[in-house]
Amino acid sequence: MAIGVTHLVHAFEATAALGLLPVRPRLLALGEPTHGEEALLDLRNELFRHLVEEEGYRTIAVESDCLRALVVDDYVTTGTGTLDRAMEHGFSHGWGASAANRDLVRWMRARNHGRPAPERVRFAGVDGPLEMTGAASPGRALAALHGYLSARVEADLLPCTGGELASLLGPDERWTEPAAMTDPARSVGRSAEAVRLQVLADDLVALLDEQTPHLLAATSREDWDRARLYGRTATGLLRYHHWMADTSPARMTRLVGLRDRMMARNLLALAARGPALVHAHNSHLQREKSSMNMGGRPLEWWSAGALVSARLGEEYAFLATALGTIRHRGVDTPPPDTLEGLLYALPEERCLAGTPRLAAALGPARLRPRSSPWFGYAPLDPEGLSGADGILFLKDVLPG
């Protein structure tokens, strides 16, 4: 090898992952450079199972709808429903069809069976109820938050009735209009009803905060945590819809930034509950600014990982996944003067490297960014090594 880094890289073993980090993190994030490859999810499962069984992590979170994920959490913790129902209704983006995700949920349920509640591993989604084509109605989250409060606090303290909320919300189709993603005029986000709902949602969240001592005495912390999730989601969705209706040049930058802000708030809530693991795209978890081109316009925003890292410091750690080939997607052997090419030259099929030491060893050596012929794969930027604590490298990704 032109650059001597062999001594800094070793074969991947789950036991070695924490050895790359200066302290044991409260929130350990594992990224992936592409979605939908079962080999990467199998690798995630292997690592996360070890960290749950041997290191005491008690939450596994993925880049999926935070409200849908409650179906999976209920199944793995208490056996509510069935595995088929959890996979069909508990994931967004079609990821319930993944065999590796199914294996993960099945394993979590089997491990939790018969264990006391404090020892059970929980499941969570960290993404908002968002898809590429738009955003969900805030109705479900608002109704759930209002229902939780109306059953436990005096009616005079509530800013509205459930009927008023339903009238302002109208049918879900008003909010989920696909054309609104590209045509702000089709969005309901700045209508008089939406503006009023933003005020009411803020008031409901404020009431939830103000009544915390009473609510924790009257109900379980788990129910209170879920109410807070409903509040975060409702206010986040209303803000997202507000910016969908915007016509300024900042519109798309605000939308992608708001999505990561919603993810960051969910991650911080999970970290407050206890040691947690999260799996998502590298671009959502890195400490550097994220960037992309959309419609010919370059966008830059702070990722969820950057926002969480700013709050948690060393209690947040990020392992980026890099890969050599995805030949069934047209991604062939990486050039030797790229970061992936440097790692591909090693004999190991899977390996780990600590990025601080790797960056130091590279010194002034100039690696060029790798380009991908397939839009769905994002290579690592060698200039952004400081945005991760380590790299997990998989040499060849085979079809699932």
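Everything below is about the structure printed above this text.
Keep in mind that what you see is a predicted model, and the values were worked out from it rather than measured.

Colleague: Could you clarify how one ought to interpret the sheet that holds strand β4 (residues 122-127) in this entry?
Modeller: In sheet architecture, strand pairing relies on hydrogen bonds along the backbone and comes in two forms, parallel and antiparallel. As summarised here, the arrangement of the eight strands in space is β1-β11-β12-β10-β2-β7-β3-β4, forming an open sheet in which the pairing is mixed. Taken across any chain shown, the strands that pair with only one partner, and hence form the sheet edges, are β1 (9-11) and β4. Ignoring strand direction, the axes of neighbouring strands in this sheet form an average angle of 25°. Of the pairings in the sheet, the one linking β1 to strand β11 (residues 350-354) comprises three bridges and is antiparallel in character. Within the sheet, the bridge partner assigned to H10 lies in β11 and is L352.

Colleague: Could you clarify how one ought to interpret the pairing of strand β8 (residues 289-294) in this entry?
Modeller: Note that β8 and strand β9 (residues 297-302) share six bridges and pair antiparallel. Its bridge partner lying in β9, M294 is registered against R297.

Colleague: What am I meant to see in the pattern of salt bridges here?
Modeller: Inspection of every chain in the model, using the stated rule, returns 20 salt bridges. For the salt bridge of E177 with R186, the shortest nitrogen-to-oxygen distance reads 3.3 Å.

Colleague: Would you explain the environment of R254 in this entry?
Modeller: Mapped onto the elements, R254 comes out in helix α10 (residues 251-273). Measuring from C-alpha to C-alpha, the distance between R254 and A29 comes to 24 Å, with 225 residues separating the pair along the chain.

Colleague: Is there a simple way to explain empty space enclosed by the protein in this structure?
Modeller: Any empty space left between the atoms is revealed when a probe the size of a water molecule rolls over them. Scanning all chains against the criterion turns up one cavity of 30 Å³ or more. In this model, the largest cavity occupies a volume close to 40 Å³. As for the largest cavity, its lining consists of R232, T233, M262, R265 and N266. Elements represented by at least two residues in the lining of the largest cavity include exactly α9 (221-244) and α10. If one sorts the elements of the lining of the largest cavity by residue count, α10 sits on top with three residues. Looking at the lining of the largest cavity, its residues break down into one nonpolar, two polar and two charged.

Colleague: It is not clear to me how the layout of surface pockets should be interpreted in this structure. Could you clarify?
Modeller: The space that makes up the largest pocket amounts to roughly 1600 Å³. Taken together, 48 residues form the lining of the largest pocket, with H281, S283, S291, M292 and A378 sitting closest to its centre. Every element with two or more residues in the lining of the largest pocket is listed here: β5 (130-131), α10, α11 (282-285), β8, β9 and β10 (316-325). Here the lining of the largest pocket gets six residues from one element, more than from any other, and that element is β8. Classifying every residue of the lining of the largest pocket by side-chain character gives 24 nonpolar, 15 polar and nine charged.

Colleague: What should I look at first to understand unusual backbone geometry in this one?
Modeller: Peptide bonds are trans in most cases, and residues, glycine excluded, mostly fall at negative phi. Phi angles above zero are rare outside glycine, and H93 is one such case at about 60°. If you trace the backbone, H93 turns up in the loop between α3 (83-89) and α4 (99-112). Of the residues examined, H93 reaches a relative accessible area of 27% and is grouped as partly exposed.

Colleague: What is the right way to look at the packing of aromatic side chains in this model?
Modeller: Centre distance and the angle of the planes are the two values used to describe a pair of aromatic rings. Per the stated rule, a full pass over the model turns up two aromatic pairs. With 5.6 Å between their ring centres and 65° between their planes, F91 and F123 make a pair best called edge-to-face. Here F123 lies in strand β4 and F91 lies in the loop between α3 and α4, a separation of 32 residues in the sequence. By the burial criterion, F91 is buried, and F123 matches it. Cation over ring: R24 sits above Y57, and NZ or CZ is 4.6 Å from the ring centre. The ring of Y344 has K395 lying over it, and the distance from NZ or CZ to the ring centre is 5.2 Å.

Colleague: Looking at this structure, how should I read the side chain of R370?
Modeller: Its location among the elements puts R370 in the loop between α14 (355-362) and β12 (390-396). E340 provides the closest opposite charge to the buried, unpaired R370, separated from it by 4.8 Å. Within the structure, the side chain of R370 is placed 3.0 Å from the backbone oxygen of L323, a separation counted as a polar contact. If we ignore the near neighbours within four places in the chain, the residues touching R370 are L323, G324, V331, D332, T333, P334, P335, T338, E340, Y377 and P379.

Colleague: Would you mind showing me how to read the packing of helix α6 (residues 162-169) against helix α7 (residues 192-210) here?
Modeller: Geometrically, a packed helix pair is captured by the angle between its two axes and the distance between the axes. In contact at an axis separation of 9 Å, α6 and α7 are set at 145° when each is read in the N-to-C sense. Between α6 and α7 lies a crossing whose hand is left-handed. Between α6 and α7, the residues in contact are E164, L165, L168 and L169 and E193, R196, L197, L200 and L204, respectively. Class assignment of the residues belonging to the contact of α6 with α7 gives a composition of six nonpolar, no polar and three charged.

About the cut-offs
Residues numbered from 1 in each chain as written. Predicted model: local features only at pLDDT ≥ 70, side-chain atom pairs only at ≥ 80, totals over all residues. Heavy atoms only, no water. Pairing = 2+ DSSP bridges. Helix = DSSP H or I, 4+ residues; strand = E, 2+ residues; numbered from the N terminus. Axes fitted to C-alpha atoms, helices over the stretch in contact; angles between N-to-C directions. Salt bridge = Lys/Arg side-chain N within 4 Å of Asp/Glu carboxyl O. 1 Å grid on protein atoms, 1.4 Å probe; cavity = no way out; pocket = protein on both sides within 12 Å on 5 of 7 lines; lining within 4 Å. Points joined across faces, edges and corners; volume = space filled by probe spheres on them. Nonpolar A, V, L, I, M, F, W, Y, C, P; charged D, E, K, R; others polar. Buried < 20%, exposed > 50% of the residue type's maximum accessible area, 1.4 Å probe, protein only. Phe/Tyr/Trp six-rings, centres within 6.5 Å; stacked < 30°, edge-to-face > 60°. Lys NZ or Arg CZ within 6 Å of the ring centre and 35° of its normal. Lys, Arg positive; Asp, Glu negative; His and termini not counted. Polar contact = N/O pair within 3.5 Å; in protein donor to acceptor, adjacent residues only side chain to side chain. Contact = heavy atoms within 4.5 Å. Left-handed = near helix turned anticlockwise from the far one by under 90°.

Everything listed is a geometric property; what it means functionally is a separate question.
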